Amino acid sequence: MTTATLRVRVSARREEARDIASFELVAADGQALPAFSAGAHIDVKVGDGLVRQYSLCNDSTETHRYLIAVLKDPATRGGSKAMHERVRVGDELEISAPRNHFPLAHEARHSVLLAGGIGVTPILCMAERLAAARADFELHHCTRSPERTAFRERIADGRFGSRVHHHFDDGPPAQKLDLAAFIARQHSDTHLYVCGPKGFMDAVLNEARSQGWPETRLHYEFFAAGAVDRENDCGFEVQVASSGQVVAVGKDETVVQALCRIGIEIPTSCEQGVCGTCITRVLEGVPDHKDVYFTADELAANDQFTPCCSRSKSPRLVLDL
């Protein structure tokens, strides 16, 4: 982990649903934890060099603990498996301070929160904050089945349970979410928030965009990138603007790896264009964006990219380093 870290202890662990466990984290030294806002996440060092991002899902006014929930994903790259199989109550972990790339737009007249599966974690924190602010909102949680739906008891017993609608894949057709009709009936000043598996998020965002929703009313954060086609990747050059030094980036290496060979280290975390830790300004050249972090407008600007996974469409990129 390349940024300042905090030492925390696992004070509680709970099975929230099938294959979903929550972990309550408290400061190892007993002090208050850094404040955070709804939508924030932390990096967690889960061992063997693995660093993963998990949303905070407790009330954002709390400073005595952080609460995260982790899905044991059969397609795991190692992080969720490690959390489920190795982390126990009493264990100490290294985490980052909270960062928020998924904040609430508090000026919204109405907010629609859409969660797919484990994507409910930041959405739940948002609902807590909106309820405390007496804001107008609704939450829709789409899951495979009731037994795979995390935090059902907490939601039912909470102050906003009446605003929550559950949609189960294995339930009757009448309770399933008709996405096109649902988005179509929203008012023009509604803000939409979505988090969940990439396919779910793509479906929501593509539908909203096809109906003319502006990007300013669409809020989202990916925590895993989909499969990226690397068949047509080729080598290119990167130039360091401050020194003029040029390094070749091989077909099978990243810009981060190439720069490391000449002694330039760029902080990374997710290494798949999700978290934004490694964002670097581009002064010349055209990036080949392979991230899921930037908005459509930011991608079109072509003045920054994620060197952990993105490449170049031009023979050379000049970077602001």
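Residues numbered from 1 in each chain as written. Predicted model: local features only at pLDDT ≥ 70, side-chain atom pairs only at ≥ 80, totals over all residues. Heavy atoms only, no water.

As a further point, take the overall build of the protein. Along its length, the protein carries seven helices and 18 strands. Over its C-alpha trace the protein gives a radius of gyration of 21 Å, about what one expects of a compact globule, namely 20 Å for 321 residues. Seen along its three principal axes, the alpha-carbon backbone of the protein occupies a region of about 60 × 50 × 35 Å. Intrachain contacts of the protein at a sequence separation of at least 6 include 67% that bridge at least 24 residues. Summed over all atoms, the accessible surface of the protein reaches about 14800 Å², with 48% contributed by carbon and sulfur. Averaged over its 36 positive side-chain charges, the protein has a centre that lies 3 Å from the centre of its 44 negative ones. (Helix = DSSP H or I, 4+ residues; strand = E, 2+ residues; numbered from the N terminus. Rg over C-alpha atoms; globule rule 2.2 N^0.38 Å. Contact = heavy atoms within 4.5 Å. Areas by Shrake-Rupley, 256 points an atom, 1.4 Å probe, with all protein chains shown as cover. Lys, Arg positive; Asp, Glu negative; His and termini not counted. Charge placed at Lys NZ, Arg CZ, Asp CG, Glu CD.)

As a further point, take the nonpolar core. Grouped together as the largest cluster of nonpolar side chains are 51 residues, with contacts concentrated most on Phe23, Leu25, Val44, Ile68, Met83, Leu113 and Ile123. In terms of residue count, helix α2 (residues 120-132) provides more of this core than any other element does, eight residues in total. Setting aside residues no more than four positions away along its own chain, Phe23 makes contact with Val10, Ala12, Arg13, Tyr66, Leu67, Ile68, Val70, Met83 and Val87. Among the nonpolar cores identified, the runner-up in size contains 21 residues, and Ile183, Val204, Cys270 and Val274 belong to it. (Core = buried A, V, L, I, M, F, W, Y, C linked by side-chain atoms within 4.5 Å. Buried < 20%, exposed > 50% of the residue type's maximum accessible area, 1.4 Å probe, protein only.)

Once that is clear, we can look at the sheet that holds strand β1 (residues 5-17). In space, the six strands of this open sheet follow the order β4-β3-β6-β1-β2-β5, with antiparallel pairing throughout. Taken across any chain shown, the strands that pair with only one partner, and hence form the sheet edges, are β4 (50-55) and β5 (66-71). Between one strand axis and the next, the sheet turns by 40° as a mean value, whatever way the strands run. As paired elements, strand β2 (residues 20-27) and β5 share six bridges and run antiparallel to each other. The residue of β5 that forms the bridge with Phe23 is Ile68. (Pairing = 2+ DSSP bridges. Axes fitted to C-alpha atoms, helices over the stretch in contact; angles between N-to-C directions.)

Let us look at the sheet that holds strand β16 (residues 304-305). The five strands are arranged β13-β12-β18-β14-β16 in an open sheet whose pairing can be described as mixed. The sheet is open, and its two edges are formed by β13 (246-249) and β16, each paired on a single side. As paired elements, strand β12 (residues 236-240) and strand β18 (residues 316-319) share four bridges and run parallel to each other. Within β18, the residue paired with Val240 across the bridge is Leu319.

It is worth spelling out the layout of surface pockets at this point. By volume, the second largest pocket amounts to about 370 Å³. Every residue lining the second largest pocket is counted, 17 residues in all, and those nearest its centre are His101, Tyr220, Tyr293, Thr295 and Glu298. The dominant element in the lining of the second largest pocket, judged by the number of residues it contributes, is strand β11 (residues 218-220), at three residues. Partitioning the lining of the second largest pocket into residue classes produces nine nonpolar, four polar and four charged. (1 Å grid on protein atoms, 1.4 Å probe; cavity = no way out; pocket = protein on both sides within 12 Å on 5 of 7 lines; lining within 4 Å. Points joined across faces, edges and corners; volume = space filled by probe spheres on them. Nonpolar A, V, L, I, M, F, W, Y, C, P; charged D, E, K, R; others polar.)

Regular strands place their side chains on alternate faces of the sheet. Residues Val247 and Val249 line the buried face of β13, whereas the alternating positions Val246 and Ala248 sit on a face that is not buried. Linking β12 to β13, which pair antiparallel, is a turn of five residues; within it Gly244 sits at a positive phi near 80°.

Here the focus is the side chain of Ser22. Structurally, Ser22 can be placed in strand β2. Within the structure, Ser22 has its side chain in polar contact with the side chain of Glu16 (distance 2.7 Å). Ignoring anything within four residues of it in the chain, the contact list for Ser22 reads Ala12, Arg13, Arg14, Glu16, Leu67, Ile68, Ala69 and Phe151. (Polar contact = N/O pair within 3.5 Å; in protein donor to acceptor, adjacent residues only side chain to side chain.)

Let's shift gears to helix α1 (residues 79-86). Restricting attention to buried positions, one finds in α1 the residues Gly79, Ser80, Ala82, Met83 and His84. Those residues of α1 that are buried lie in contact with β1, β2, β3 (41-47), β4 and β5.

Further remarks concern the state of the cysteines. Tallied over the full model, the rule gives zero disulfides. Between Cys308, a cysteine without a disulfide, and Cys278, which holds the nearest cysteine sulfur, the sulfur-to-sulfur distance is 3.7 Å. Assessed through its relative accessible area of 7%, Cys308 is described here as buried. (Disulfide = S-S within 2.5 Å.)

Throughout the structure, instances matching the rule amount to 24 salt bridges. A salt bridge links Arg7 to Glu94; its shortest N-O distance comes to 3.9 Å. Pair noted here: Arg7 is in strand β1 and Glu94 is in strand β6 (residues 92-96), with a separation of 87 residues, a long-range link. The partner of Glu15 in a salt bridge is Arg13, with the nearest N and O atoms 3.2 Å apart. Look at Arg13 and you get partly exposed, because its relative accessible area is 25%. In this structure, a network of salt bridges that share partners links the residues Asp59, Glu128, Arg154 and Arg159. (Salt bridge = Lys/Arg side-chain N within 4 Å of Asp/Glu carboxyl O.)

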